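Fold and contact review
Below, each chain spelled out in residue letters.
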Amino acid sequence: MMYKDRLAIPGPTTLPPAVIAAATHPMVDERTVDFARVFTRIIDGLRQVLGTAGDVLIFSSSTTGAFESAVQNLFSPGEKVLVVNNGAFGMRWVALCRAYGLETVVLDVEWGCEPDPAVVEACLEADSHIVAAIVVHCETSTGVVTDLEAIGRATRGVLTIVDSASGVGGCEMQADAWGLDVVVGGTQKALMAPPGVSFVSVSERAWRRHAEARHPRYYFDWTITRDSLNHSIPRTPWTPAVGVLLQLSAALEQVLAEGMERRHRRHSELGRMARAGLRGLGLRLLTPEVARNGIVTAAFTPPGIGAGPLVDAVVEHTGVQLTTGNGELADQVVRVGHCGHTDPLDLVTALAALETGLAALGAPVPPGSGVTPIVKLMAEQVDAAASPLTSTSPNPEESAA
């Protein structure tokens, strides 16, 4: 049997046709007025997505490069920071901060759980030497999306840095209103463009701290990057990933045409459907039942079935690519990505593929048990759209905490 290759992972994600088509654009000179118009549209589009009127700096790198730029540009050796660690990417921030000689206070949160803003605030109040708090928006390893509005209130006394690698473009983000000084993101997840471009938003408070920071930097120097952005022909200081930027421009056009509120609602519904489908397969969820968890959903595999063999069986028998967990959960958890250019029928395919993989490994799964709950929720949406008196809000147990 011939099967199409399909991505159902949190990133890189499936690209819309217009974004794929943008890759065929002939190469251009990035130092021209014409390309500067494209570049400026990208900056303005990212400002809308991030909810900021401040500076947005763009780099040709993976999102981890932008993470590193934040540490380089905001701190001096020996300064103390708080890292909220509730998954694999929180652990990455711990390693990064320590690599740069920062005194790193780690607030460990159980994987699959959301950070408690009150506990974060208490940690900061207990140590006046902490100059910044770092938190992951969507912890891709578990699917947990942090309540950034509440975190912003808890961290208002220090610089607040947010890793939104997989959240930006799919989850609500109001950087200015929520007091988030730096938000770091990338192109290849909910923004549905290829990998290779990352970015940071920078508040005025972050710029003041940058002026005092003493870590060495060059390629990722924010001052050089901002000066190039303010050039008469806006640009990056170094040769950018021109092709990826053209594709990002096409992707942002679609993101903004959909509208951010509508886009957030769509991702919330996809998360609700994914959780229902995984429960239908009899799997225990790692990702909590919270409406904002709409980017990726993780669940434990059945006893006796490793996540690695399951993912391999799924791709072998269906062509659908899922992914395993991270760290200690690597062979216990399977993750289904559903952000960006994803609709309910993509989830139907992913859950049908997962059911096929489970059956291939001998799990007693009733046919259609993962798909049926999703189709029922799709039917509810159709009914709700047909009746203006019917509410389309999530179930009470799925309301945001």
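See the structure printed just above.
Anyway, here's the lowdown on the structure attached to this text. Predicted model, so just to flag it, every value in this text is computed and none were measured. Counting starts from 1 at the beginning of each chain's written sequence and moves along it residue by residue. Local features are withheld for residues below a pLDDT of 70 in this predicted model, meaning they are given only at 70 or higher, and side-chain atom pairs are given and counted only at 80 or more; totals for whole chains, interfaces and linings count all residues. Computation of side-chain values: all heavy atoms of the structure, hydrogens and water removed.

**Notes on the state of the cysteines**
Quick note on the threshold: The disulfide criterion used throughout: a pair of cysteine sulfur atoms within 2.5 Å.
A full pass over the atoms with the stated rule returns zero disulfides. Counting only cysteine sulfurs, Cys-138 is the nearest neighbor of Cys-113, a cysteine outside any disulfide, at a range of 15 Å.

**Details of the nonpolar core**
To keep it simple, the criterion reads: In this text, buried Ala, Val, Leu, Ile, Met, Phe, Trp, Tyr and Cys residues form a nonpolar core when linked through side-chain atoms within 4.5 Å. The buried label applies to any residue whose accessible area, calculated with a 1.4 Å probe on protein chains only, is under 20% of its type's maximum; exposed applies above 50%, and partly exposed to all values in between. Two residues qualify as a contact provided that any one of their heavy atoms is within 4.5 Å of a heavy atom in the partner residue.
In terms of nonpolar packing, the biggest core is built from 79 residues, with Ile-58, Leu-74, Trp-93, Leu-191, Val-200 and Trp-222 touching the most fellow members. When residues no more than four places from it in sequence are discounted, the contact partners of Leu-191 are Leu-46, Val-49, Val-168, Gly-169, Gly-186, Phe-199, Leu-248, Ala-251, Leu-252 and Val-255. Counting residues in each nonpolar core, the second largest holds 30 residues, with Leu-283, Val-336, Ala-363 and Leu-377 among its members.

**Observations regarding the packing of aromatic side chains**
Short version of the rule: When the centres of two rings from Phe, Tyr and Trp lie within 6.5 Å, Trp using its six-membered ring, the rings pair. Their planes under 30 degrees apart give stacked, over 60 give edge-to-face, and anything left gives tilted. Secondary structure counts use DSSP, requiring at least four H or I residues in a row for a helix and at least two E residues in a row for a strand, with both numbered from the N terminus. A ring is considered to have a charge above it if a Lys NZ or an Arg CZ atom is located within 6 Å of its centre and within 35 degrees of its normal.
Within the structure shown, the criterion is met by six aromatic pairs. Consider the rings of Trp-207 and Trp-222, whose centres lie 6.1 Å apart with planes at 75°: the pair is edge-to-face. Separated by 15 residues along the polypeptide, Trp-207 in helix α7 (residues 204–212) and Trp-222 in helix α8 (residues 222–229) bring together distant segments of the chain. When the centroid spacing of 6.4 Å and the interplanar angle of 15° are considered together, the rings of Tyr-219 and Trp-238 count as stacked. Within this pair, whereas Tyr-219 is found in the loop between α7 and α8, its partner Trp-238 is found in the loop between α8 and α9 (242–258), the two being separated by 19 residues in sequence. Positioned above the aromatic ring of Trp-207 is the side chain of Arg-226, whose terminal nitrogen or guanidinium carbon lies 3.7 Å from the ring centre. Between the NZ or CZ atom of Arg-284 and the centre of the ring of Phe-300, over which it lies, the distance is 4.0 Å.

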